[in-house]
Amino acid sequence: RGLVIEGPSGIGKTTAVETALQKLNVQVTRLSARKPEDIEYIQILPTLKKAGIVLVDDFHRLPSETRTSIADLMKTLADTESKDTKIIVLGINRAGDNLIQIAPDLVNRLDVIRFENEPDAKIYELIAKGEAALNISITVRDDIVESAKGSFYLAQMLCKEICMASN
């Protein structure tokens, strides 16, 4: 099955996926639709027999024919239950819907994980729960909430760094 990670720009999608893959200790080919040399590689992906795990970042920036080609590849990989090639697509809001529009038969053949902006109250609640669990007090809550821009992941990383710096 293919995997799509979608959400607003700057919310931490790429960082979250790279952290997860690093913790799993798997080899990944990281490609970005912002790099011309990577676009060339993305375009030939369907011709490769064993590409391994491939992360395609900024999917929404690819030319439409390349997005279509990747959608077809993801369907074929899902149908054949390929163990030699897995595609992870990262994109801004509704990248999964975009793939489904391109290839409607991808429905139920990929997993979509949505990152969303959370309201400040939820970020404060997250920090409070962490403080209670660790029996600590974080004095820069307002700064964390502002910097996290609605991302639980970014708020957690900021809190972790603050805790590490404070021993």
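The paragraphs below set out a description of the structure included in this document.

### Points about the packing of helix 6 (residues 141-148) against helix 7 (residues 152-165)
Running from N to C, helix 6 and helix 7 cross one another at 140°; their axes reach a closest spacing of 9 Å. With respect to helix 7, the element helix 6 is oriented oblique. Seen from above, helix 6 lies across helix 7 with right-handed handedness. Within the contact between the two elements, helix 6 uses Ile-144, Ser-147 and Ala-148 and helix 7 uses Leu-154, Ala-155, Leu-158, Cys-159 and Ile-162. Residue classes in the contact of helix 6 with helix 7 are distributed as seven nonpolar, one polar and no charged.

### As for the layout of surface pockets
One number sums up the size of the largest pocket: a volume of about 150 Å³. As for the largest pocket, its lining consists of Leu-126, Ile-127, Gly-130, Glu-131, Leu-134, Ile-136, Ile-138, Gln-156, Cys-159, Lys-160 and Cys-163. Residue assignment for the lining of the largest pocket shows that the elements contributing at least two residues are helix 5 (120-134) and helix 7. A total of five residues in the lining of the largest pocket trace back to one element, the largest contributor, which is helix 5. For the lining of the largest pocket, the class distribution of residues is seven nonpolar, two polar and two charged.

### Concerning the pairing of strand 4 (residues 85-91)
Counting buried residues in strand 4 gives six out of seven residues, a clear majority hidden from the surface. As defined by bridge partners, strand 3 (residues 52-57) adjoins strand 4 across five bridges and the pair is classed as parallel. Bridging across to strand 4, Val-56 finds its partner in Val-89. Crossover handedness for the path strand 3 to helix 3 (residues 64-80) to strand 4: right-handed.

### What about the nonpolar core?
Of all hydrophobic cores here, the largest spans 22 residues; its most connected members are Leu-45, Ile-70, Met-74, Ile-87 and Leu-99. Secondary structure elements with two or more residues in this core: helix 2 (36-44), strand 3, helix 3 and strand 4. If you tally residues by element for this core, the top one is helix 3, at five residues. Excluding residues that lie within four positions of it along the chain, Ile-70 makes contacts with Ile-42, Leu-45, Phe-59, Ile-87 and Val-89. Listed in part, the 11 residues of the second largest apolar core include Ala-16, Val-17, Leu-55 and Tyr-153.

### Regarding the pattern of salt bridges
For the coordinates displayed, the defined rule picks out eight salt bridges. Residue Glu-6 pairs with Arg-114 through a salt bridge whose shortest N-O separation is 2.5 Å. Note that Glu-6 is positioned in strand 1 (residues 2-6) and Arg-114 in strand 5 (residues 110-114), a separation of 108 residues in sequence. The exposure class of Glu-6 is buried, given its relative accessible area of 1%. A salt bridge links Lys-122 to Glu-125, with the shortest nitrogen-to-oxygen separation between them at 3.9 Å.

The rules we used
- Residues numbered from 1 in each chain as written.
- Predicted model: local features only at pLDDT ≥ 70, side-chain atom pairs only at ≥ 80, totals over all residues.
- Heavy atoms only, no water.
- Axes fitted to C-alpha atoms, helices over the stretch in contact; angles between N-to-C directions.
- Helix = DSSP H or I, 4+ residues; strand = E, 2+ residues; numbered from the N terminus.
- Parallel < 35°, antiparallel > 145°, perpendicular 65-115°, else oblique.
- Left-handed = near helix turned anticlockwise from the far one by under 90°.
- Contact = heavy atoms within 4.5 Å.
- Nonpolar A, V, L, I, M, F, W, Y, C, P; charged D, E, K, R; others polar.
- 1 Å grid on protein atoms, 1.4 Å probe; cavity = no way out; pocket = protein on both sides within 12 Å on 5 of 7 lines; lining within 4 Å.
- Points joined across faces, edges and corners; volume = space filled by probe spheres on them.
- Buried < 20%, exposed > 50% of the residue type's maximum accessible area, 1.4 Å probe, protein only.
- Pairing = 2+ DSSP bridges.
- Right-handed = clockwise from strand over helix to strand, strands pointing away.
- Core = buried A, V, L, I, M, F, W, Y, C linked by side-chain atoms within 4.5 Å.
- Salt bridge = Lys/Arg side-chain N within 4 Å of Asp/Glu carboxyl O.

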